[in-house]
Amino acid sequence: MTRQKKTRSLADKVKIRTGKRKDFKKWRHENPDQVTSSTRFSQKKRQQRKLQAARKQARQEAGPSIEIHPDTTEHKDD
């Protein structure tokens with residue numbers, strides 16, 4: 001005779017659930033048009049992207065420039 005596996009969570013056993021994470025995830029999945037990010041979050045992310053782009057630009061300008069396609073006329077004589 002085998003033992004029953006212990007469950008860590010009681011979430012699936014509860015019948016009435018209001019305002020819980022699983023319910024919200026289900027609602028969010030069913031109503032994607034009503035879900036929007038907060039303006040504060042959007043502004044924060046926009047600022048982070050601007051900073052990231054500025055850092056990348058600075059790195060590109062600080063790095064040495066290399067010729068990707070140098071003149072290959074010297075090697076054609078071989």
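Let us look at the structure shown here. The structure displayed is predicted, hence computed values, not measured ones.

Brief notes about the overall build of the protein
Here is step 1 of the chain: A tally of regular secondary structure across the protein gives two helices and zero strands.
Here is step 2 of the chain: The proportion of buried residues among the 78 residues of the protein is 1%.
Here is step 3 of the chain: A total of about 8900 Å² of accessible surface is found on the protein, and carbon and sulfur atoms cover 50% of it.

What to know about a nonpolar patch on the surface
Here is step 1 of the chain: On the surface, a cluster of nonpolar side chains totalling about 250 Å² of accessible area is made up of Phe-24, Trp-27 and Val-35.
Here is step 2 of the chain: Along the polypeptide, Trp-27 turns up in helix α1 (residues 21–30).

Rules used in this analysis
- Residues numbered from 1 in each chain as written.
- Predicted model: local features only at pLDDT ≥ 70, side-chain atom pairs only at ≥ 80, totals over all residues.
- Heavy atoms only, no water.
- Helix = DSSP H or I, 4+ residues; strand = E, 2+ residues; numbered from the N terminus.
- Buried < 20%, exposed > 50% of the residue type's maximum accessible area, 1.4 Å probe, protein only.
- Areas by Shrake-Rupley, 256 points an atom, 1.4 Å probe, with all protein chains shown as cover.
- Patch = residues over 30% accessible without salt bridge, like charges linked within 9 Å, V, L, I, M, F, W, Y side chains within 5 Å.
- Salt bridge = Lys/Arg side-chain N within 4 Å of Asp/Glu carboxyl O.

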